[in-house]
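# Chain and residue survey
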Amino acid sequence: VIVGGGPTGLSLALDLANYGIASVVIEADPTVCSGSRAGAFTRRTLEIMDQLGVADEIVAGGLGWNRGWTYYRDALVAESRIPDGVDQRFPATLSQLQNFIEERLVARAEAQPELIEIRWHSKVTGFEPGPQGATLQVEHPHGAYALQADWVVACDGGRSTIRQLMGLMMEGKRHAGRYAIVDVRIDTSDFPVGRRWWFDPASNPGGTLIMFKKPGGMLRFDYQLRDDEPTEEAMQPERVLDKVRRHLEMLGVDRPWEPVWLSLYRASALTLPSYRHGRVLFAGDAAHLVPIFGVRGMNSAVEDVHNLAWKLAWRIRGLATDALLDTYSAERVAGAREPALRLQGRRVHVAAVR
């Protein structure tokens, strides 16, 4: 049983299906996510999506890029280029919409009903792990029921129900910085494809702002809230959209636009010390919360389940012992801890610029 039908859980179900392992996906929501959410995806993620059978559709509708520009106030101070080459099948980075990717993953899963069953509108309300698996209590609009599982993988996000019911705690640090994400629809025909990053711009004095072009005629804004701004006030739609308006004016952009989606996040470097607890395993945000700078969020989750899938399949088929599953935990815990150092370096860099 895979708890969580977002990109983490769906990717795991498809990866397991490649090895002939059947799974049931339990998802509390009635369908895929609303809002574009994760917006940039690495070449490694696309390589994994290719093995899941959905990469071509994802790339065809996305924007590939490998360039970035960094500004101090209104002055360009650095330009970066991710190494690329004609021998690469996929772009270094792809701008795409998470909900579009989820739709493709669901379609691929539904084409394999003998191996994957997705149960929408199903919420886990109770959980009892044991030496041979676990019993889950599931609530559904048509009635509650118990579900027996030989193995459970928790892919149910940062507020993981399974993690809470097991009383597990993450280690690390939740940093004070708060960031708003905003997507707007606008004519982007003359915008460069790539990431632009401002330090101390006129539109967000004393903070940072990231902007990049997305498919479907959209722009993604990711900006830092001031320390003295109460979160509730700072996230009022009129305040958020005024920040977007000021930045577009700073760039000399005078054309109609409309908001599509907005959200708030904190920079966290938190992880469970182990992702394996008997026959219960954790992946994605249920296992760790990593700083999303450098497109770490969904990309790291997809890497988690790709590491896990073949190992779990080998264990289920009797081709390996639990020791192989322990390597999943060791390798991916190390991958989650590493961004903490990057985040510290980023904060030092911001202070130095100021």
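Scroll up to find the structure.
All of these numbers come straight from a predicted model, not from anything done at the bench.

### Points about the overall build of the chain
Within the chain, the regular secondary structure consists of 10 helices and 20 strands. Taken over C-alpha atoms, the radius of gyration comes to 21 Å for the chain, in line with the 20 Å a tight globule of 354 residues would show. For the chain, the C-alpha atoms occupy an extent of roughly 60 × 45 × 40 Å along the three principal directions. Taking all 354 residues of the chain together, 53% fall into the buried category.

### Description of a nonpolar patch on the surface
Together, Trp310, Trp314 and Leu319 make up an exposed nonpolar region whose accessible area comes to about 300 Å². Structurally, leucine 319 is set in the loop between α8 (297–316) and α9 (322–337). You can call leucine 319 exposed: its relative accessible area is 56%.

### A word on the side chain of histidine 247
With respect to the helices and strands, histidine 247 occurs in helix α7 (residues 237–250). Those residues in contact with histidine 247, other than ones at most four positions away along the chain, are Trp198, Ser203, Leu209, Met211 and Phe221.

### Focus on the sheet that holds strand β3 (residues 40–42)
Strand order across the open sheet formed by 3 strands is β3-β7-β4, with antiparallel pairing between neighbours. Each of the sheet's edge strands pairs with one partner strand only, and the pair in question is β3 and β4 (63–65). Pairs of neighbouring strands in the sheet enclose a mean axial angle of 30 degrees, with direction left out of account. Across 3 bridges, the pairing between β4 and strand β7 (residues 93–95) is antiparallel. Bridge pairing in β7 links tryptophan 65 to threonine 93.

### With respect to helix α1 (residues 7–17)
Burial of α1 is extensive: 11 of the 11 residues sit out of reach of the surface. All of the buried residues in α1 are Pro7, Thr8, Gly9, Leu10, Ser11, Leu12, Ala13, Leu14, Asp15, Leu16 and Ala17.

### Thoughts on helix α2 (residues 43–52)
Where α2 is concerned, the buried positions are Arg43, Thr45, Leu46, Ile48, Met49 and Leu52. Of the surrounding elements, those touching the buried residues of α2 are α1, β3, α3 (55–60), β7, α4 (98–110) and α8. Backbone geometry just after α2 places glycine 53 at a positive phi near 90 degrees.

### So, the nonpolar core
In terms of nonpolar packing, the biggest core is built from 69 residues, with Leu12, Met49, Ile116, Leu136 and Phe282 touching the most fellow members. Excluding residues that lie within four positions of it along the chain, phenylalanine 282 makes contacts with Ala154, Ser160, Ile162, Arg163, Met166, Leu168, Leu272, Tyr275, His277, Ala287 and Tyr328. Counting 20 residues, the second largest nonpolar core, distinct from the first, contains Met211, Ala234, Val240 and Val253.

### Observations concerning the packing of α8 against α9
In the contact formed by α8 and α9, the axes pass within 8 Å of each other and the chain directions differ by 170 degrees. Between α8 and α9, the angle falls in the class roughly antiparallel. Of α9, the residues touching α8 (which contributes Ser300, Glu303, Asp304, Asn307, Leu308, Trp310, Lys311, Leu312, Trp314 and Arg315) are Asp322, Leu324, Leu325, Thr327, Tyr328, Glu331 and Arg332. Of the residues assigned to the contact of α8 with α9, the class counts are 7 nonpolar, 3 polar and 7 charged.

About the cut-offs
Residues numbered from 1 in each chain as written. Predicted model: local features only at pLDDT ≥ 70, side-chain atom pairs only at ≥ 80, totals over all residues. Heavy atoms only, no water. Helix = DSSP H or I, 4+ residues; strand = E, 2+ residues; numbered from the N terminus. Rg over C-alpha atoms; globule rule 2.2 N^0.38 Å. Buried < 20%, exposed > 50% of the residue type's maximum accessible area, 1.4 Å probe, protein only. Patch = residues over 30% accessible without salt bridge, like charges linked within 9 Å, V, L, I, M, F, W, Y side chains within 5 Å. Areas by Shrake-Rupley, 256 points an atom, 1.4 Å probe, with all protein chains shown as cover. Salt bridge = Lys/Arg side-chain N within 4 Å of Asp/Glu carboxyl O. Contact = heavy atoms within 4.5 Å. Pairing = 2+ DSSP bridges. Axes fitted to C-alpha atoms, helices over the stretch in contact; angles between N-to-C directions. Core = buried A, V, L, I, M, F, W, Y, C linked by side-chain atoms within 4.5 Å. Parallel < 35°, antiparallel > 145°, perpendicular 65-115°, else oblique. Nonpolar A, V, L, I, M, F, W, Y, C, P; charged D, E, K, R; others polar.

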